[in-house]
Amino acid sequence: MDHFDLILKNGTVVTSSQERADIGCCDGKIVAIGDLGRAEATEVIDCTGLHVLPGIIDPHVHLREPGNASVETIHDGTKGAILGGVTTVFDMPNTAESVVSQEVLDRKRAMMPGKSWCDIGLYVGATKKNIDTLDTLEVQDNVCAIKVFAGSSTGDLLVDDDASLEALMRNGTRRVCYHSEDETRLQERKKLFSVGQPYRTHMEWRDVECAFLGTRRLMTLARKTGRKTHILHVSTAEELAYMRDFKDIGTVEVLVNHLTQVGPEVYDRLGGYAIMNPPIRDQRHYDASWAAVNAGDVDCIGSDHAPHSREAKERPWPLTSAGLTGVQTLVPIMLDHVNAGRLPLERMASLMSAGPARVYGAVGKGHIAPGYDADFTIVDLAHRRTIEESWITSPCGWTPFAGMSCTGWPIMTVIRGQAFMRDDEIIGSPRGAVVSFS
């Protein structure tokens, strides 16, 4: 008789279809899927009435460490991730000490043990000064990608001229990730506005052409150099249509915010708590984002979790810090979209598990299949719950989705064959691991 470390019994397993099956796990890996009714296990979890998704990956978070611990930390941000059903996150490089060198990368990796609740990958940031080293940095253990701020950067993390961008694309082989807004246009348009104008002015300043011009420039260079390119947080109908011609080298991320919130209403309701880059846009772009999701033109969905203090969010526009919390609310909101009929559950799993794993080359992640990590996001599609700020673990203490009622909720987070969260209860101590990438 077979013996497993863990069996998930009687759940509806979500792959390219949905089927009732048991899942057997040993040594942190999936080893069997099917009817395991006669098998034995050290632990058996009954998933009757629940759906078992491959572990959800949030490929776009800012955990802010090193930085301001009163806003966010690796410990608290990843705790929010597992409470929200996320098993893996990829952390951005624009921290107080930007991750732009081997030395800083090594220090960042050394922070992970005993701090991270979920598995984690790390971005390395590009600057005009480190272009010659990016081919070495991109292949370091646990590096998910090179991140380029082609507009709207912090510190020295800005690479905005064509010569530097082309040199960067020619130095390395892995897919490069871009914040795509045109810096020159942003700075020129900034002169047209003044402090204290309505928060909705944000989407007028950082207009469609700021994003579309940036993406056109990047993809022209990507085509010229043959470098695989990932455009982060695509927010316009124009970009989504344009990127269809680059599927051989280009991939697309859309944020949960651009699939959920609509301007200008969101600015009038939330004020500074709606400010992010690129901005939340109007109904036309919201509709285009959903059309692209269902047409197969989007590769992954992320949160761009980027906490700031309440004081920073409540400053008059445009002094308001840009960025919203999101890792903890990502799964409930997307499950609510599934229940509303906006996308099938299988498509959600593809965009939020298999998609990020494929785009970034995450080893062992993204699928429910023998040999893959035993990572599972187990959800109750019928569970109704309202998002409350008291639930948010990020020290900043707020969410732009407070008061939103969701149908569908994460019930359990299993990482490498161990339950990290069950029924809102955290289990054990932080034991997240660093992810490897091909």
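Above this text you will find the structure in question.
Residues numbered from 1 in each chain as written. Predicted model: local features only at pLDDT ≥ 70, side-chain atom pairs only at ≥ 80, totals over all residues. Heavy atoms only, no water.

**A word on the overall build of the protein chain**
- Scanning the protein chain from terminus to terminus reveals 13 helices and 17 strands.
- With respect to the three principal axes, the spread of C-alpha positions in the protein chain is 70 × 45 × 40 Å.
- Put simply, of all contacts in the protein chain between residues at least 6 apart along the chain, 74% involve residues at least 24 apart.
- Computing the positive centroid from 45 side-chain charges and the negative centroid from 58, the protein chain places the two 3 Å apart. (Helix = DSSP H or I, 4+ residues; strand = E, 2+ residues; numbered from the N terminus. Contact = heavy atoms within 4.5 Å. Lys, Arg positive; Asp, Glu negative; His and termini not counted. Charge placed at Lys NZ, Arg CZ, Asp CG, Glu CD.)

**Some details on unusual backbone geometry**
- In this structure, the amide linkage connecting Asn277 to the following residue, Pro278, adopts the cis form with an omega of -10°.
- Here Pro278 lies in the loop between α9 (265-270) and α10 (283-295).
- A cis amide bond links Trp317 with the next residue in sequence, Pro318, at an omega value of 0°.
- Of note, Pro318 is situated in the loop between α11 (310-313) and α12 (330-339).
- Positioned with a positive phi, Asp27 is a non-glycine residue whose angle comes to about 50°.
- Residue position: Asp27 is located in the loop between β2 (18-26) and β3 (29-34).
- The backbone phi angle of Asp423 is positive, close to 50°, even though this residue is not glycine.
- Its place among the elements puts Asp423 in the loop between β16 (418-422) and β17 (425-426).
- Of the residues examined, Asp423 reaches a relative accessible area of 55% and is grouped as exposed. (Buried < 20%, exposed > 50% of the residue type's maximum accessible area, 1.4 Å probe, protein only.)

**A word on the environment of Gly408**
- Mapped onto the elements of the fold, Gly408 is located in strand β15 (residues 405-415).
- A C-alpha to C-alpha distance of 8.6 Å links Gly408 and Val331, two positions 77 residues apart in sequence.

**Details of the nonpolar core**
- Counting 85 residues, the largest nonpolar core has Val89, Val148, Leu168, Tyr178, Met334 and Met348 as its most contacted members.
- Element by element, the count of residues in this core is highest for α12, at six residues.
- Counting 19 residues, the second largest nonpolar core, distinct from the first, contains Val13, Cys25, Ala374 and Ile378. (Core = buried A, V, L, I, M, F, W, Y, C linked by side-chain atoms within 4.5 Å.)

**Looking at helix α2 (residues 102-111)**
- Restricting attention to buried positions, one finds in α2 the residues Val104, Leu105, Lys108, Arg109 and Met111. Summarising the axial view, the buried residues of α2 lie within an arc of 150°, below the 170-degree limit, and thus occupy one face.
- Buried residues belonging to α2 abut α1 (74-83), β7 (86-91), β8 (119-125) and β9 (143-149). (Arc of directions from axis to C-beta.)

**A few points about the sheet that holds strand β10 (residues 176-179)**
- Judged by pairing direction, the sheet is parallel, and its eight strands sit side by side in the order β6-β7-β8-β9-β10-β11-β12-β13 without closing on themselves. Either end of the sheet is taken by a strand with one partner, and the two such strands are β6 (56-61) and β13 (300-302). Taking each pair of neighbouring strands and ignoring which way they run, the sheet shows an average axis angle of 30°.
- When β8 meets β9, the two strands line up parallel, connected through four bridges. Of the residues in β9, the one forming a bridge with Val124 is Ile146.
- Across the sheet, helix α13 (residues 345-360) touches β6, β7, β8, β9, β10, β11 (229-231), β12 (250-255) and β13, and the angle it forms with β6 is around 60°. (Pairing = 2+ DSSP bridges. Axes fitted to C-alpha atoms, helices over the stretch in contact; angles between N-to-C directions.)

**Here's the deal with the packing of helix α4 (residues 162-170) against helix α7 (residues 208-225)**
- Where α4 contacts α7, the axes come no closer than 10 Å and their chain directions differ by 45°. The angle between α4 and α7 falls in the class oblique. In the crossing of α4 with α7, the sense of the turn from one axis to the other is right-handed. Contacts between α4 and α7 pair Asp162, Leu165, Glu166, Met169 and Arg170 from the former with Arg217, Leu218, Leu221, Ala222, Lys224 and Thr225 from the latter.
- In terms of residue class, the contact of α4 with α7 is made up of five nonpolar, one polar and five charged. (Parallel < 35°, antiparallel > 145°, perpendicular 65-115°, else oblique. Left-handed = near helix turned anticlockwise from the far one by under 90°. Nonpolar A, V, L, I, M, F, W, Y, C, P; charged D, E, K, R; others polar.)

**Focus: the pattern of salt bridges**
- Under the defined criterion, the tally for this structure stands at 31 salt bridges.
- Among the ionic pairs, Asp207 bridges to Arg189, the shortest N-O distance being 3.6 Å. On the criterion of sequence distance, the pair formed by Asp207 in the loop between α6 (202-205) and α7 and Arg189 in helix α5 (residues 183-190) is long-range, its members being 18 residues apart.
- The exposure class of Asp207 is buried, given its relative accessible area of 15%.
- Here Glu311 and Arg315 are joined by a salt bridge, their closest N and O atoms 3.1 Å apart.
- Overall, Glu311 belongs to the partly exposed group, its relative accessible area being 48%.
- One salt-bridge network, in which partners are shared between bridges, spans Lys29, Asp119, Lys365, Asp373, Asp375 and Arg416. (Salt bridge = Lys/Arg side-chain N within 4 Å of Asp/Glu carboxyl O.)

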